[in-house]
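# Descriptive structure summary
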Amino acid sequence: MAKNIVLTGIKPTGDPHLGNYLGAIAPAVELSQSPDRDSYFFIADYHALTSIHSAKDFAHYSYQVAATWLASGLDPEKCVFYRQSDVPEIFELSWILSCFTQKGLMNRAHAYKARVAENEQKKEDPDHGIDMGLYCYPVLMAADILAFDTDIVPVGADQVQHVEMTRDIANRFNHRFGQVLKLPEYQLKEDVGVIEGLDGRKMSKSYQNTIPVFCPQKRLKKLINKIKTDSTPPEEPKSTEGSTLYNLYKIFATAEQTENYARQFQEGISWGEAKAQLFEVVNARLAEPREKYDEMMANPEVIDVVLKEGARRAREKAQVVLARVHKAIGKGGV
Ligand code: TRP
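So, here is what we can say about the structure in this document. (Residues numbered from 1 in each chain as written. Predicted model: local features only at pLDDT ≥ 70, side-chain atom pairs only at ≥ 80, totals over all residues. Heavy atoms only, no water.)

### Here we look at the overall build of the protein chain
Note the cut-off: Helical segments are the DSSP runs of H or I of at least four residues, strand segments are the runs of E of at least two, and each set is numbered from the N terminus. For the radius of gyration, the atoms used are the C-alpha atoms, and the globule rule reads 2.2 Å times the number of residues raised to 0.38. Between buried and exposed lies partly exposed: a residue is buried under 20% and exposed over 50% of the maximum accessible area for its type, with that area taken using a 1.4 Å probe on protein chains only. In this description, accessible areas are obtained by the Shrake-Rupley approach with a 1.4 Å probe, and a residue is regarded as covered only by the protein chains that are shown. Working convention for charge: Lys and Arg count positive, Asp and Glu count negative, and His plus the chain ends are omitted. By convention, the charge on Lys lies at NZ, on Arg at CZ, on Asp at CG and on Glu at CD.
In terms of helices and strands, the protein chain carries 13 helices and five strands. Relative to its length of 334 residues, the protein chain is compact, with a C-alpha radius of gyration of 22 Å against a globular reference of 20 Å. Within the protein chain, the proportion of its 334 residues that are buried is 47%. As displayed, the protein chain has an accessible area near 17400 Å², and 51% of this comes from carbon and sulfur atoms. Each charge class in the protein chain can be summarised by its mean position, and for the 41 positive and 45 negative side chains these summaries are 4 Å apart.

Pasting the structure below:
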């Protein structure tokens, strides 16, 4: 029996942080190890191009994301791991799909609507600062998904609409040409809860409160020392409730360690000591993959080799799907 195809993309818009690691990378790596599915993971670099306009950042973020995934245990033999921009079939399909996509559908995309609303609030022209890349983002995402006959797309809640639009677009195409494109389903990623950043708010690049996954050990220590705490004096009992230190600790520690940590809070651990212990558990988990990460980042040609091989396999599959599309639309004769 054909295996289920699971596909997901990650947009390289910055140095991956602990929130990305816990929420997306670790679960995806686990998923890819399941033997009864074919997994496709890719770096959605041309989606990132809608916001990253520095050549240096654009190049660097893709390598960082690739190295982070590989160092975190993604086995490129067990899945197809590639860079979107290395698969030209996706962009050809994107154009074809755009000819079957209603402009009105794109008008309803959350990300686009938010930008229009922002402009209106600032009394700007509604189109201010909106380029076609942002506007057509969902069509490219539909191509990413449909080019591989994807069954399941694991996504966060913010991406559900894009998968629904993918179905709309595929339906419209199929309505005209028959069952050519496979309709995907989304699968909501398990909610790992909010991963708090340095200031206690959700860890996010836009709040500048992130801890990069594989920053040097010294920097990790420094950042953990910056995590916000309240002003309870050193000797006094401290509450674990609402404590960013405690919330992060329990994600990285065993149940036993966490219990012990909570007890020390009650007994009046100093914030300095609490931070030192948090650093220990986080570092214990990241030290080994960090070495692999550093090695790859020092030799990006190793990453290129992996991604090129992934692209070769991805293209093989996408060409099969595209051949069906060509036939359907009459390219190359009927
Ligand atoms: N838009 C997704 C995000 O911002 C990334 C992405 C691009 C994607 N293409 C995809 C995710 C295809 C799943 C499937 O996170």
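### Considering the pattern of salt bridges
The line we're drawing: Any carboxyl oxygen of Asp or Glu that lies within 4 Å of a side-chain nitrogen of Lys or Arg is treated as forming a salt bridge with it.
Taken as a whole and assessed by the stated rule, the structure comprises eleven salt bridges. Salt-bridge contacts for R312 lead to E316; the nearest nitrogen and oxygen are separated by 3.1 Å. On the criterion of helical spacing, the pair formed by R312 and E316 is a turn pair, its members being four residues apart in helix α13 (residues 300-329). Exposure remark for R312: the relative accessible area of 43% places this residue in the partly exposed category. A single salt-bridge network, built from bridges that share partners, covers R83, D86, D304 and K308.

### Some remarks on the packing of helix α3 (residues 55-71) against α13
Quick note on the threshold: Between N-to-C directions, angles span 0 to 180 degrees; the directions come from axes that are lines fitted to C-alpha atoms, helices contributing only their stretch in contact. Orientation categories follow fixed angle ranges, with anything under 35 degrees roughly parallel, anything over 145 roughly antiparallel, 65 to 115 roughly perpendicular, and all other angles oblique. We call two residues contacting when some pair of their heavy atoms lies within 4.5 Å. Residues are sorted three ways: Asp, Glu, Lys and Arg are charged, Ala, Val, Leu, Ile, Met, Phe, Trp, Tyr, Cys and Pro are nonpolar, and all the rest, Gly among them, are polar.
The contact between α3 and α13 brings their axes to 10 Å, and the two run at 75°. Here α3 lies roughly perpendicular to α13, going by the angle between them. For the pair α3 and α13, the contacting residues are Y63, A66, A67 and L70 in the first and P300, I303, D304, V306 and L307 in the second. Taken together, the residues of the contact of α3 with α13 sort by class into eight nonpolar, no polar and one charged.

### Quick look at the nonpolar core
Selection rule: By nonpolar core is meant a set of buried Ala, Val, Leu, Ile, Met, Phe, Trp, Tyr and Cys residues that side-chain atoms within 4.5 Å join together.
Counting residues in each nonpolar core, the largest one holds 50 residues, and the members touching the most others are W69, F81, I211, L278 and V282. Ranked by the residues each element gives to this core, the list is headed by helix α12 (residues 271-298), at nine residues. For L278, the contacting residues outside a window of four places in its chain are I224, I227, L245, L248, Y249 and Y261. Within the second largest apolar cluster, 46 residues are counted, among which are F42, F100, V155 and A314.

### Regarding the layout of surface pockets
What counts is decided by this rule: Of the two site types, the cavity is a set of points on a 1 Å grid over the protein atoms alone where a 1.4 Å probe fits but cannot get out, and the pocket is an open set with protein on both sides within 12 Å along at least five of seven lines, each lined by residues with an atom within 4 Å of a point. Grid points are joined across faces, edges and corners, and a volume is the space filled by probe spheres set on the points.
Considered as a void within the structure, the second largest pocket measures approximately 240 Å³ in volume. Together, 13 residues line the second largest pocket, and S94, G133, C136, Y137 and L140 are the ones closest to its centre. Listing elements by their share of the lining of the second largest pocket, those giving two or more residues are α2 (45-48), α4 (88-98) and α7 (132-146). The biggest single contributor to the lining of the second largest pocket is α7, with five residues. Partitioning the lining of the second largest pocket into residue classes produces eight nonpolar, five polar and no charged.

### Here we look at the environment of S51
With respect to the element layout, S51 can be found in the loop between α2 and α3. On the basis of relative accessible area, S51 is assigned to the partly exposed category, the value being 47%. For the pair S51 and L134, spaced 83 residues apart in sequence, the C-alpha separation works out to 8.6 Å.

### Let's talk about a positive patch on the surface
Quick reminder of the rule: What goes into a patch is any residue over 30% in relative accessible area without a salt bridge, connected to like charges within 9 Å or, for nonpolar side chains (Val, Leu, Ile, Met, Phe, Trp, Tyr), within 5 Å.
Taken together, the side chains of K218, R219, K222 and K226 present a region of like positive charge at the surface. One can find R219 in helix α9 (residues 217-225). On the basis of relative accessible area, R219 is assigned to the partly exposed category, the value being 42%.

### Section: the packing of aromatic side chains
What counts is decided by this rule: Stacked, tilted and edge-to-face are the three classes assigned to paired rings of Phe, Tyr and Trp, where Trp is represented by its six-membered ring and a pair needs centres within 6.5 Å; plane angles under 30 degrees give stacked, over 60 edge-to-face, the rest tilted.
Enumeration over the complete set of coordinates arrives at 18 aromatic pairs. Put simply, the rings of Y246, Y249, Y261, F265 and W271 pair up and form one aromatic cluster.

### Quick word on helix α6 (residues 110-121)
Each α-helix turn comprises 3.6 residues. Residues three or four places apart therefore point the same way. Heads up, the condition is: Given a helix with a known number of residues, its expected span is that number minus one, times 1.5 Å. Here, the arc refers to the directions that run from the helix axis to the C-beta atoms.
Taking 1.5 Å of rise per residue, twelve residues should cover 16 Å, and α6 covers 16 Å from first to last C-alpha, within 8% of that figure. Inspection of α6 places Y112, V116 and N119 among the buried residues, and these make up the whole buried set. Projected down its long axis, α6 carries its buried residues within an arc of 60°, all on one side. The first or second residue beyond α6 is K123, which carries a positive phi of 60°.

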